[in-house]
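# Coordinate inspection notes
The residues making up each chain are set out below.
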Amino acid sequence: MSQDLDITMKSQENQKKYKFMKAALKEAQKAADKEEVPVGAVVVYQDKIIARAHNMRENKQIFHGHAEFLAMMKAQKKMKSWRLEDCEIYVTMEPCPMCAGAMIQSRIKKVYYGVADKKSGVATSICHLFDLPFNHKVETEGLIMHKESEKILKSFFQKLRER
């Protein structure tokens, strides 16, 4: 009986991860539609999405226009606090150093990401930034729906090369 309950709970947890990552993928598609690198993010608090964003670096001409950074900025307004310690973030690509630092500083509880970023990802690809002894520990879980994330990125860059 205990094993059945454990399997059911894991299944529900996986469904939740896929639900929120699908929302992040919708944001990534919005970025692609605007000719931005297709990365999307959602911030979740108490199992509800409180902020959504996608890359807007080129359109807004801001260095911090990454999906997760923008989503965290929206979340802090919603929460009326810079502390997002009970929030989780779902992002379609492994965070860069800037976004990972913002997650640590804003006290994000956990980051779930899709595809690994071999060029600038710091959860596991280039280094394990979240494992360093900062004052706050962000949990990480990667490769959630990574094939879907990878597909949208590859399609975007293929179209870019064809121009």
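In the block above lies the structure referred to throughout.
Here the residue numbering is sequential within each chain, running from 1 through the sequence in written order. In view of the model being predicted, local features appear only for residues whose pLDDT reaches at least 70, and side-chain atom pairs are presented and counted only at 80 or more, with totals across whole chains, interfaces and linings using the full set of residues. Each side-chain value is worked out from all heavy atoms of the structure, with water and hydrogens disregarded.

## Side note on the side chain of His66
Turning to its location among the elements, His66 is positioned in the loop between helix H2 (57–60) and helix H3 (67–79). For every residue, the accessible area obtained with a 1.4 Å probe (protein chains only) is divided by the maximum for its type, and the residue is called buried under 20%, exposed over 50%, and partly exposed between those limits. His66 gets classed as buried once you look at its relative accessible area, which sits at 14%. Residues are treated as being in contact if the distance between any of their heavy atoms lies within 4.5 Å. Those residues in contact with His66 that lie beyond four places of it in its chain are Asn55, Arg57, Cys96, Met98 and Cys99. Segments assigned H or I by DSSP are reported as helices when at least four residues long, segments assigned E as strands when at least two residues long, and all are numbered from the N terminus.

## Notes on the side chain of Ser106
Its place among the elements puts Ser106 in the loop between helix H4 (97–105) and strand S4 (110–115). A polar atom in the side chain of Ser106 sits 3.4 Å from the backbone oxygen of Met103. Excluding anything up to four places from it in sequence, Ser106 contacts Met72, Trp82, Arg83, Leu84 and Glu85. Polar contacts, as used here, are pairs of N or O atoms within 3.5 Å; protein pairs need one atom able to donate a hydrogen and one able to accept it. Residues neighboring in sequence count only if both atoms are side-chain atoms.

## Remarks on the nonpolar core
What we call a nonpolar core is a set of buried Ala, Val, Leu, Ile, Met, Phe, Trp, Tyr and Cys residues that are connected through their side-chain atoms within 4.5 Å. With 34 residues, the main nonpolar core has Val43, Met72, Ile89, Met103, Ile108 and Phe130 as its most contacted residues. Not counting residues up to four positions away in its chain, the partners in contact with Phe130 are Pro95, Ala100, Met103, Ile104, Val111, Val122, Ala123, Lys137, Val138 and Thr140. Grouped together as the second largest cluster of nonpolar side chains are eleven residues, Ala23, Leu25, Tyr90 and Ile144 included.

## Focus: the packing of aromatic side chains
Centre-to-centre distance and the angle between the planes together describe a pair of aromatic rings. Only rings of Phe, Tyr and Trp enter the pairing, Trp through its six-membered ring, and a pair is recorded when the two centres are within 6.5 Å. The plane angle decides the type: under 30 degrees is stacked, over 60 is edge-to-face, the rest tilted. The tally for this structure, following the rule as stated, stands at three aromatic pairs. Both rings, one in Tyr90 and one in Tyr112, keep their centres 4.4 Å apart while their planes meet at 10°; by these two values the pair is stacked. Here Tyr90 is found in strand S3 (residues 87–93), whereas its partner Tyr112 is found in strand S4, with 22 residues between them in sequence. When its relative accessible area of 2% is taken as the criterion, Tyr112 is described as buried. Taking the centre distance of 5.0 Å and the plane angle of 80° together, the rings of Phe156 and Phe157 count as edge-to-face. For Phe157, a relative accessible area of 32% puts it in the partly exposed group.

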